[in-house]
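Chain by chain, the residues run as shown.
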Amino acid sequence: MKARRVKAIAKKELIQVWRDPRSLMIALLMPLMQMALLGYGVNLDIKHIPVCAFDREASQQSQALLKRFQASNYFRVVEAVGSYQVLKDALDYGRCKLGVVIPPDFSERLVDLEAAPVQVVLDATDDNTASIGLGYAQEVVSGYSGDIQLVSWQRQGTLAQNPPAVVQSRVWFNEDLNSRNFVIPGVVAMVLALVGAQLTSLTISREWERGTMEVLISTPVTRMEVMTGKILPYFAIGLVDATLCLTIAVYWFEVPFRGALATLFLTTSLFLIVVLGVGYLISVAIHSQVGASQIALVVTLMPTMLLSGFAFPIDQMPWPIQAVTYLVHSRYYVTILKAVFLKGSGLVALATPISLLALYAAAIAFLAARAFRKTLD
Amino acid sequence: MTASSPAIIVVQDLAKRFAGGFGIDGMNFECARGEIFGFVGPDGAGKTTIMRLLGGVMTPDGGSIRIDGVDVIADPETAKLHVSYMPQRFGLYEDLTVDENIEFFADLFEIDATSREERAARLLTASGMTPFRKRRAGRLSGGMKQKLGLTCSLIHTPKVLLLDEPTAGVDPVSRRDFWRILYGLREEGVTIALATSYLDEAERCTRLGLLHEGRMLHCDTPSALKKLMPGELMSLTSPQARAARDALAGLAGVRAALLVGDSVHIVVDDAKLRTGEIEHALAAAGIVDRRLEPLAPSIEDLFSSLLGQGGAS
Amino acid sequence: MSPDAPEGEARIVTERLAKRFGAFTAVNEVSFSVRRGEIMGFLGPNGAGKSTLIRMLCGLLRPTSGRAEVAGLDVARNPERVRAVIGYMSQKFSLYNDLSVIENLRFFGGIYGVRGKRLAERVEFAIEMAGLAGRADTAVADLSGGWKQRLALGCAVLHQPPILFLDEPTSGVDPTSRRRFWDLIYALSEQGVTVLVTTHYMDEAEYCNRIALINRGRLVALGSPSELKRGAAEGRLLLVECDDVGPLLEALESAPGVRDVAPFGSSLHLLVDDPAADIPKIERFLAARGLGWTRVEPIKPTLEDVFVRLVGDGRLEEATP
């Protein structure tokens, strides 16, 4: 492999990316846009649930309970209603998602140490919110008094019995239960996976489409030189993008970073090799730029979104699907990122996912090197 | 082919088949060192296929190709060191400038900067492209793109230059520049193999290979090939060309009378013998304003007669 | 010298027709007229403006300035009606490869509004003309160049248009097919159909009655093939045949009285001012340098010589945007 030829190809590639508005947009704008969209758009927290209050007693105690609902971050009392009918209407029309009904003999029952039932009416069409809402309501109420029983009544929909496990497992390392801390590392992985594949997916197909490939293969340049020369500039761009995204994650979204930069750098580099390799393979297989770009999108977007552990935990998935996730490259990186960010894990702790990722990288590199042939047929 | 210039390209029984049918079969020919060899024929005759096989960018189904002693099929990469291939659509890197394109190819062939600069300057001056060195390739005219492609192909000194329809659609001035550069290469001993569907461009080649439906019909110098044409050619120019054609069509010794624009190309068995009769027939038909003179046959005439008039196609 | 076709009124007239795309002038004030039954060729390299010109005449593009009349209709005001009287053929692009011969014909017939009995008659005529009798159900993809070409012509004349536009009709087609095709065109011309052809092949242009040379949007010359050749360089073109072109090429470039030298196979074409005087001068010149030659004699110029002569040594060509 001659360094001079690799350098020539890398330089040409870089000039082309720089001067081609489409590539530049993918390289620089797309990561920013996606970080913004996904970072702000994906929010698994349930906060400020609108509540309607039907206080049938209107005593000091009942008002004190309602004030607790208001004071809690989870709820926002939006309306005080005077009848069940109005409450039903409010739920039906979506003015609130949850109704709290305090019985007319509330304080009496409390004083007599009997159970004081407080009715909670739920709109369970949004099953997730409803069950979580119920859980929060329980918290608020128990905080007020251990004697209050929550009697729940479903207005619409069916209530699932299990609240999502996410609520339980988060508490250890993400104390404020801020879903953002959980999601953003996944977003970074997603952005890199998408952008990386898009960039390289165009590189070979563009040359075929424009006719420059036919000349290139008639020169003494070798397959390895072509591959290395073409991937190098995108690797550099990928690192720039990764740095950009991670910086945004830490300084803008304020995701705590507890790990070591070196670990981050190493694992990100490995992941980039995989992602760029995937794009390159697609580019070799598909000679049309539009086609390659589309396939790259489909092959990276869906698996990363659904199967990498980015938003939906893998251990909650059915067993066969879990097996499939081993093929999803972003899965390893998401695991590593979350661990490095939130747990501060080092290389030793992450030995398994890192070596699997490295194996993946080696496999892709091998396939990519062999895939590109210097013939027209 | 003279004994003093041994063949640099030797092709034997070359075959390549395609699903659609436009392949080549049983091709045998040799190109001598330093000559300009033209592959002439219509679309689908196999010109581009031969070029691609010679350039090592496609593998044949049978036969052998040797360029300067190197077996192109077994060892294409060695062959590519001394061959430059310019395909029909020479894709230049449109976002790169003229200079950047040249530099790229120079690097691929590991040419040092001084030689590259000297050679580039010379070629660009010959093409009249010196003022455009900093311009992006995408913004050049068609003729200039082809000249740039040629410059990139020649930035290293190949032994063999393969050109696939290099001047298709190019303006005549650029085409002249192009050919001037090609002729200059002969001084350097470069052998040029060129495919063209411009029958008049074929006249510029040293030797021609006439291709038709995947086979080579004949292979010789243009003048030798023209001697193969049966009969002699005359041209009659007249405002009443059609009437003239009708008058001459059935005459004895007139093999064909073909209308071409404002003249009639007459194929006779013996010009000296028939001139008088022709003049007589024209006068009899009332065609006064006329000019009858001998016509040097063109490659097109040659092709037509070899393939047969109104033949199957 | 006027062509042989039946005299008639001008079927196509343009007056300073121009088309500009922003700062770029594609067609620059072109004026000409074409008579009924005449075959007019537009010869020029790619990008010269031929396609733009044809599109304006077909009513597909509005002219920026100037006027054009086709069969008495103003192209700017009645583009739809203009299209109805035109047949357009482009060998490379008109036919549908996955349809059969007859399916293509019926499709184009439908497009041009030819129906019922008339369509059946015209389809039969077209098949005969193309020589495709008995092959009506063959898929177009299975036909070779020459057949496709004649079929495309058939599709273009189904509605018996008085004007026919042929766009690069015989590019890359073998000479025999070209011959056959042009015989068909000549037959149509004899029936009074006016034909316009665009091409970048010099030898194709020779088939036309008159040729318009177009370069960079301008009409550079207009006349019959012989007129053009006579005008430009006839009598001034010399052939020098020799064994070794290279050294003679270099030497003659600086010879006195020699305006241009171009290599042609194993000979050189020289453009001189005065052949009578220059031939002996050149012979002496070569002898003095010890350069051998077989013969030096005047030859007829080709259209390419004409073109180069007229367009000149314009090395300062502007690149297209």
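Scroll up for the structure.
In this text, all values refer to a predicted model and were calculated from it rather than measured experimentally.

## Some words on the overall build of chain A
Then, in step 1: When its secondary structure is counted, chain A shows 15 helices and five strands.
Then, in step 2: Expressed as a percentage of its 377 residues, the buried residues of chain A come to 42%.
Then, in step 3: Once local pairs closer than 6 in sequence are excluded, the contacts in chain A between residues at least 24 apart make up 81%.

## Quick look at the interface of chain C and chain B
Then, in step 1: If you look at the interface, chain C gives 50 residues, while chain B gives 54 residues.
Then, in step 2: Examining the composition of the side of chain C that touches chain B, we find that six residues originate from one element, helix α6 (residues 175-190) of chain C, more than from any other.
Then, in step 3: Tallied by class, residues from the side of chain C that touches chain B come to 21 nonpolar, 20 polar and nine charged.

## Remarks on the sheet that holds strand β13 (residues 267-272) of chain C
All names here are of chain C.
Then, in step 1: Taken in spatial order, the four strands make up an open sheet running β12-β13-β11-β14, and their pairing is antiparallel. With one partner strand each, in any of the chains shown, β12 (258-264) and β14 (295-298) form the two edges of the open sheet. Taken pair by pair, the neighbouring strands of this sheet meet at an average axis angle of 20°, ignoring direction.
Then, in step 2: By the bridge criterion, six bridges tie β12 to β13 in an arrangement that is antiparallel. In the strand pairing of β13, Phe264 is matched with Ser267.
Then, in step 3: Packed onto the sheet, helix α9 (residues 245-253) meets β11 (237-241), β12 and β13 and runs at close to 165° relative to β12.

## As for the interface of chain B and chain A
Interfaces are often sized by the amount of accessible area the parts lose when they come together.
Then, in step 1: Across the boundary between the two partners, chain B contributes 23 residues, which contact 22 residues of chain A.
Then, in step 2: The set of elements that each furnish at least two residues to the side of chain B that touches chain A consists of α2 (76-80) and α3 (98-108) of chain B.
Then, in step 3: Looking at the side of chain B that touches chain A element by element, the count peaks at four residues for α3 of chain B.
Then, in step 4: Here the residues of the side of chain B that touches chain A are counted per class, giving eleven nonpolar, four polar and eight charged.

## Observations concerning the nonpolar core
Then, in step 1: Among the nonpolar cores identified, the biggest contains 255 residues, and Val188, Leu192 and Val274 of chain A, Leu162 of chain B together with Leu268 of chain C are the most heavily contacted of them.
Then, in step 2: At 17 residues, the largest contribution of residues to this core is made by helix α8 (residues 179-210) of chain A.
Then, in step 3: Residues contacting Leu268 of chain C, with those up to four places away along its chain left out, are Val240, Val245, Leu248, Leu249, Leu252, Val261, Ala262 and Pro263 of chain C.

What counts and how
Residues numbered from 1 in each chain as written. Chains lettered and ligands numbered in written order. Predicted model: local features only at pLDDT ≥ 70, side-chain atom pairs only at ≥ 80, totals over all residues. Helix = DSSP H or I, 4+ residues; strand = E, 2+ residues; numbered from the N terminus. Buried ≥ 20, exposed ≤ 12 C-beta atoms within 10 Å, placed from the backbone. Contact = placed C-beta atoms within 7 Å. Nonpolar A, V, L, I, M, F, W, Y, C, P; charged D, E, K, R; others polar. Pairing = 2+ DSSP bridges. Axes fitted to C-alpha atoms, helices over the stretch in contact; angles between N-to-C directions. Core = buried A, V, L, I, M, F, W, Y, C linked by C-beta atoms within 7 Å.

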